[in-house]
Amino acid sequence: MRAESNGTGRRILCVFPRYTSSFGTFEHSYPLTDGVCAFMPPQGLLLLAAYLPEDWQVKFVDENLRRATKEEFDWAEAVFVSGMHIQRQQMNDICRRAHEFDLPVALGGPSVSACPDYYPSFDYLHVGELGDATNQLFEILSRDVSRPEAQVVLTTKDRVPMTEFPIPAYELADVKKYMLGSIQYSSGCPYECEFCDIPGLYGRNPRIKSPEQIIAELDRLRECGMTDTVYFVDDNFIGNRKAAMDLLPHLIEWQKKTGYVVRLACEATLNIAKRPEILKKMREAYFITIFCGIETPDPDALKAMHKDHNMMVPILEGVRTINSYGMEVVSGIIMGLDTDKANTADALLDFVEESRIPLLTINLLQALPKTPLWDRLEREGRLIEDDGRDSNVNFLLPYDDVVASWKHAMSVAYEPEKVFARFQYQCDHTYPHRLKMPVPDEMKTWRNIRRGLIMMRNIFWKVGVLGDYKRVFWKFAMGRIKQGDLEGLIGCTLIAHHLITFARAASSGETNASNYSIRLREASVPAE
């Protein structure tokens, strides 16, 4: 589906802002690869590009790969931008540069949808999802591409059904330069975790695409060159369990048809461990990773944040259950909760040791607009407007103590010996439960062999020779080599190196303690 045209074609430049360095961008892994430069293609702008009227021209630039050029701004008649809170300053910078060419700039996405007042410099604010506001924006620009005298705010009231979404314009993105492919299956989440803005932004009744749409998108990603892992960026893959069960047989059939070239990953609540019928089919569909927002191993804290569903099964038991289906668990963890105590960091480290989860995104609590947490802290007078802090929350414990605990947790959890020990556990107890598939003919190419050799060379040189934890690495590497598991060696080391490098920067105070904080440890980008 595309928006209707009135016969006036336009030239639109879609620019996605650079991410501030954070735990989840994996930038320290890129030098070990064969040319990966960014994490995932941005869904929002690529969807918008595909929805533009057919006679409109579009160019797409992801500034995580390269900066938009003067020639591209010269070519454009209008600029579209999208992003999250952590990209706020970079979005303002794109706006400033576009205005130097006297171009109108429209901003959409989750950040502006939650906080329109953050962006006074933009000409058009698109608040909400794809829908009537999008069509209004196109209508305005089709009539006039001069900058409006005052900011125009367009708010979606009638959303385009997800079953009518076009395939995102993956062909505009150089997908081979991304670490993962991305695909959206649903929007919204039925739960109301206190800290989460998803229900406030997208609703509690998950809306979904049809299985046929998902298969078509996977086919398009493959046509564009994505042959590794595709990540379902949904807020909760099992937000609608019946829909997930309907989709999985289609994914299984697609994997059989294409030779299991692509691996799948997703986000889901931990109570998926109580659904063996879903886990079984996910294994058959070749899901290899599930991100679970565990948040904390403290039951009192889970109850306080309204995440009781994490206690439907004992957390460690849930992790082991997921592992038994061949899927590695990645976890979100939050520090700075009202229920935290002086020994919370030590309790968290005990949990990391017991769970054997290799990758945990340990964040300081950040109150996001459109969340019950924001509303509560606002009532209590505990929101702090200070971009120099790592959190906007006035913690119950002393701020410096909480940040010190976070740094300690990061430092200890990501000691090289501990990281590789957790990956070794996955090699021994999780990965063997995955489907045993012969290498498809499609992968037996000189290009793939060359790609693997380049990554092995980079890993052996930069980690095994130049790295300061080379002994730990070689102990792990030799075990993988003896097992003939070069894929495990490459995959684990890519992630481990990022975790170790990022954690060192975090514990020394060089990086943010929250993936949601807009505090930058670099030259700030001024708004207009």
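Everything quoted here is computed from the prediction, not taken from an experiment. Within every chain, residues take consecutive numbers counted from 1 along the sequence as written. Thresholds applied to this predicted model are a pLDDT of at least 70 for local features of residues and 80 or more for the giving and counting of side-chain atom pairs; totals over whole chains, interfaces and linings are not thresholded and use all residues. Side-chain numbers here rest on the full set of heavy atoms in the structure, without hydrogens or water.

*Asks:* Quick rundown of the overall build of the protein chain? Include the residues and the values.
*Replies:* Think of it this way: any DSSP run of H or I at least four residues long counts as a helix, any run of E at least two long counts as a strand, and we number them from the N terminus. Check the secondary structure of the protein chain and you find 18 helices and 14 strands. The globule rule used for comparison is 2.2 Å times the number of residues to the exponent 0.38, while the radius of gyration itself is calculated over C-alpha atoms. Against the globule reference of 24 Å for 528 residues, the protein chain gives a C-alpha radius of gyration of 23 Å, in line with a compact fold. Taken along the three principal axes of its C-alpha coordinates, the protein chain extends 65 × 60 × 50 Å. Exposure categories follow from relative accessible area, calculated using a 1.4 Å probe and restricted to protein chains: below 20% of the type maximum is buried, above 50% is exposed, and the middle band is partly exposed. By residue count, 57% of the 528 residues in the protein chain fall in the buried class. If you take every contact in the protein chain between residues at least 6 apart in sequence, the share linking residues at least 24 apart comes to 78%. Per-residue and other accessible areas follow the Shrake-Rupley method at a 1.4 Å probe size, with only the shown protein chains counted as cover for residues. In the form shown here, the protein chain has an accessible surface area of approximately 22000 Å², with 52% of it arising from carbon and sulfur atoms. Working rule for contacts: check all heavy atoms of both residues, and any pair within 4.5 Å makes them a contact.

*Asks:* Please give an account of the sheet that holds strand 6 (residues 152–155) that cites residues and values.
*Replies:* Sheets are built from strands paired through backbone hydrogen bonds, the pairs being either parallel or antiparallel. Here a strand pair is declared whenever DSSP counts at least two bridges between the two strands. Spatially, 6 strands are ordered 2-1-3-4-5-6 in an open sheet, and the strand pairing comes out parallel. Across the chains shown, the open sheet's two edge strands, defined by having one partner strand only, are strand 2 (57–62) and strand 6. Adjacent strand axes in the sheet meet at a mean angle of 20° when their direction is disregarded. Bridge count for strand 5 (residues 124–127) against strand 6 is 4 bridges, and the pairing is parallel. Looking at strand 6, one finds that Tyr124 is bridged to Val152. Contacts from helix 3 (residues 88–99) reach strand 1 (11–16), strand 3 (78–82) and strand 4 (105–108), with the element oriented near 175° to strand 3. Across the sheet, helix 5 (residues 132–143) touches strand 3, strand 4, strand 5 and strand 6, and the angle it forms with strand 6 is around 145°. Interaxial angles span 0 to 180 degrees and are taken between N-to-C directions of axes, which are lines fitted to C-alpha atoms, for helices over the stretch in contact.

*Asks:* Talk me through the pairing of strand 2; I want residue IDs and the actual numbers.
*Replies:* Strand direction decides the pairing type here: strand 1 and strand 2, joined by 6 bridges, are parallel. From the neighbouring strand, Arg11 faces strand 2, where its bridge partner is Gln57. This β-α-β element, strand 1 to helix 1 (residues 43–51) to strand 2, shows right-handed connectivity. Look down the strands so they point away from you; if going from the first strand over the helix to the second traces a clockwise path, that crossover is right-handed.

*Asks:* So what's going on with a nonpolar patch on the surface? Residues and values would help.
*Replies:* A surface patch of nonpolar side chains, about 360 Å² in accessible area, is lined by Trp446, Ile449 and Leu453. Tracing the backbone shows Ile449 in helix 16 (residues 446–465). Ile449 sits in the partly exposed class, given a relative accessible area of 46%. Residues with no salt bridge and a relative accessible area higher than 30% make up the patches, which join like charges within 9 Å and nonpolar side chains (Val, Leu, Ile, Met, Phe, Trp, Tyr) within 5 Å. Just to be clear on terms, a salt bridge is a Lys or Arg side-chain nitrogen sitting within 4 Å of an Asp or Glu carboxyl oxygen.

*Asks:* Please set out unusual backbone geometry residue by residue, giving values where relevant.
*Replies:* One non-glycine residue, His306, lies in positive phi territory at about 65°. Mapped onto the elements, His306 comes out in the loop between helix 10 (299–304) and helix 11 (315–324). A positive phi is found at Arg356, a non-glycine position, where the angle reads about 60°. Locating Arg356 in the fold gives a position in the loop between helix 12 (344–355) and strand 14 (360–364). Classification of Arg356 by relative accessible area gives partly exposed; the value is 32%.

*Asks:* Could you give me a rundown of the packing of aromatic side chains, with the residues and numbers involved?
*Replies:* Aromatic ring pairs are defined here through the distance separating the ring centres and the angle between the ring planes. Any Phe, Tyr or Trp ring, taking Trp's six-membered ring, that has another such ring centre within 6.5 Å forms a pair; planes under 30 degrees apart are called stacked, those over 60 apart edge-to-face, and the others tilted. Using the criterion set out here, one finds 19 aromatic pairs in the structure. Centre to centre, the rings of Trp56 and Phe138 are 5.4 Å apart; their planes meet at 55°, and the pair counts as tilted. Of this pair, Trp56 sits in the loop between helix 1 and strand 2 while Phe138 sits in helix 5; the two residues are 82 residues apart in sequence, bridging distant segments of the chain. Overall, Phe138 belongs to the buried group, its relative accessible area being 2%. Relative to Tyr286, the ring of Tyr260 lies with its centre 5.7 Å away and its plane at 75°, an arrangement referred to as edge-to-face. A residue pair is termed long-range when its members are at least 10 positions apart, and Tyr260 in the loop between helix 8 (241–258) and strand 11 (263–267) and Tyr286 in the loop between helix 9 (276–284) and strand 12 (287–295) qualify at 26 residues.

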